[in-house]
Amino acid sequence: MSRLKTLTAEYRELQARLEQGGGPERVRRQHEQGKLTARERVTKLLDPRAEWFELGLLVAYDQYDGQAPAAGVVTGLGRVAGRPVVVVANDATVKAGSWWPETIKKILRAQEVAMRQRIPIVYLVDSAGVNLPYQGGVFPGQYGAARIFYYNSIMRRYLRIPQIAAVMGPCIAGGAYLPALSDVIFMVEGTSFMGLGGPNLVKGATGQTVDAETLGGARTHTAVSAVAHYRAKDDADCLARIREHVARLPYPPRPTTVKESLRTPAVTKPKRDSRELYELLPTDHRMSYDVGAVLECLLDGGRLDPFQPDLAPEMICGHGALAGRALALIANSRGVIKGKKGESPKIGGIIYTESAEKVAYFIENADRERMPLLFLQDVSGFMVGTEAEHSGIIRAGARFVEAMATATVPKLVLTMNHASGAGYYAMAGQGFDPDFVVSWPTGRMGVMEGESAVQAVFGSGAADSENAAAVEAMRTDYEHQLDARFAGARGFVDALIAPEETRDTLAFLLDVTSHFTGPHLGAFVLPADP
């Protein structure tokens, strides 16, 4: 079995386990309360059989002794009434939907997607509030829970992004500001509660005795306080009414000129079946493979129109289409590449001075042409050594990074294999705010490979017997941290995807990124006249 197939099977098993949330017993309790689970709510909200791209499924799975699957919140992108929307749904089967530090990270990422793409966001709230033993990682700081409400406010006041909140269970203390700062609030009779303090806190603070429904139930907030706007009889009714609300939101069609329609190629199937991807990547991640064959599994007709193919061939640049959408593609070629006459061969996956200059120019052209960029990462870093330094690789690399960082078109990233060193940065690493980052289970993110780290630390002493234990510990630690699941657990990638899902996933994300024609920079860009 190939390495990609083995790792994908292991990921599928982990995915199925995480999607169970708190487990069957807690799901049963949720149903006994007359409530759907978070994933059942998401399914009922979205269009049947439409796309669903989950953000951060693996976040925190390997922390807290496994007690925080998906960090207690389901976040992702789907379609409602045909239009893309972001969904945030607290999973009450996981510690009553309370907020872990990583829960905040996931909610902020979801909000940033909505802001970057200018698409509606729906919050399905069912949370007991801050997970108190971990409040130090939730409450304070620039990127603590307050940032959620900051983003709420920016979306309402300046970006005009529709925010729809449904309180479908408890919504307590500061968490109540999330729906309060949304445009409309739905509440569910009998199961929802919203208040700055629950009955017990009110009793302790004021001496008043009051039941939850009278204090902050659906009828109270829709008929007395006027905090909420719509009252639903149950979860299914609430979700149906949210769908109706989204469907009537203004959604002017994007104009397509004759020139644009002629420029956009028709959708054709790839030249190769996506299942061939399992055999195209080598069992040993250090070995070479044919990146052109990979492209034949992804692009329409398997066709790429290469840009300067005979110059710096270790970096592949070119134009193609994916599901009918034109794009500019940048990929690392693997293997040993024959050098020009009188020059040494080049190592695929390494960025040289000439290739950095080539890619920088290609990115700047794509930005001028308003062409979305797709980066296929399998990069081991920039070339080092006397020849590289004398050729000005630092300056060429800086041009590459600056062109990528300042490009205002959508940027998508697929990590196929290596994503190492400064090469990872140049190939639209997460720190440069690409619109979406996905990885195959074979993705390996790190400053360098474990063996290189051993040589950097121990040098010639790596073979000495007295260093054997420390060397082996370092290798093991690096293997663990280079695993794609490690990256997913820390939010370094938005999602791990199976090879056969790649084309459909990228096609959906390309469609989502096309809805905002303004600059795709940072978490959001304020309009010129807010």
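Residues numbered from 1 in each chain as written. Predicted model: local features only at pLDDT ≥ 70, side-chain atom pairs only at ≥ 80, totals over all residues. Heavy atoms only, no water.

Participant: Lay out the overall build of the protein in plain terms, naming residues and giving numbers.
Facilitator: For the protein, the count of helices and strands is 21 helices and 20 strands. By the compact-globule yardstick of 24 Å for 530 residues, the protein fits well, its C-alpha radius of gyration being 25 Å. For the protein, the C-alpha atoms occupy an extent of roughly 85 × 70 × 45 Å along the three principal directions. Counting only residues that meet the buried cut, the protein has 54% of its 530 residues in that class. (Helix = DSSP H or I, 4+ residues; strand = E, 2+ residues; numbered from the N terminus. Rg over C-alpha atoms; globule rule 2.2 N^0.38 Å. Buried < 20%, exposed > 50% of the residue type's maximum accessible area, 1.4 Å probe, protein only.)

Participant: Give a detailed account of the pattern of salt bridges, specifying residues and quantitative values.
Facilitator: Pairing is possible between side chains that carry opposite charge, provided their charged atoms lie close to one another. What the rule picks out here adds up to 37 salt bridges. Between R41 and D235 there is a salt bridge, and its shortest N-O distance comes to 2.9 Å. One end of the pair, R41, is in helix α3 (residues 38-45); the other, D235, is in helix α10 (residues 235-247), and 194 residues separate them in sequence. Both residues of the pair, R41 and D235, belong to the buried class. Salt-bridge contacts for R79 lead to E51; the nearest nitrogen and oxygen are separated by 2.7 Å. (Salt bridge = Lys/Arg side-chain N within 4 Å of Asp/Glu carboxyl O.)

Participant: Can you break down unusual backbone geometry residue by residue, with the values?
Facilitator: One non-glycine residue with positive phi stands out, namely R160, at about 55°. Note that R160 resides in the loop between α5 (146-159) and β5 (163-172). With phi around 65°, A226 is a residue other than glycine that occupies positive phi space.

Participant: Tell me about the layout of surface pockets, and please be specific about residues and values.
Facilitator: Considered as a void within the structure, the second largest pocket measures approximately 540 Å³ in volume. Every residue lining the second largest pocket is counted, 30 residues in all, and those nearest its centre are Q15, E19, W52, F53 and E54. Broken down by secondary-structure element, the contributors of at least two residues to the lining of the second largest pocket are α1 (3-18), α3, β1 (52-55), β20 (495-496) and α21 (502-513). In terms of residue class, the lining of the second largest pocket is made up of 15 nonpolar, five polar and 10 charged. (1 Å grid on protein atoms, 1.4 Å probe; cavity = no way out; pocket = protein on both sides within 12 Å on 5 of 7 lines; lining within 4 Å. Points joined across faces, edges and corners; volume = space filled by probe spheres on them. Nonpolar A, V, L, I, M, F, W, Y, C, P; charged D, E, K, R; others polar.)

Participant: I'd like a description of the packing of aromatic side chains, backed by residues and values.
Facilitator: If you walk through the whole model with that rule in mind, you get 13 aromatic pairs. Arranged with centres 4.6 Å apart and planes meeting at 45°, the rings of Y64 and W100 form a pair that is tilted. Taken as a pair, Y64 in the loop between β1 and β2 (73-80) and W100 in the loop between β3 (83-90) and α4 (101-117) lie far apart in primary sequence, 36 residues in all. Grouping residues by exposure puts Y64 and W100 together as buried. Three or more aromatic residues link up through ring pairs in this structure, and these residues are Y64, W100 and Y134. Positioned above the aromatic ring of F516 is the side chain of R118, whose terminal nitrogen or guanidinium carbon lies 4.1 Å from the ring centre. Directly above the ring of Y352 sits K346, whose terminal nitrogen or CZ lies 5.1 Å from the centroid. (Phe/Tyr/Trp six-rings, centres within 6.5 Å; stacked < 30°, edge-to-face > 60°. Lys NZ or Arg CZ within 6 Å of the ring centre and 35° of its normal.)

Scope: geometric values only; no functional claims are made or implied.
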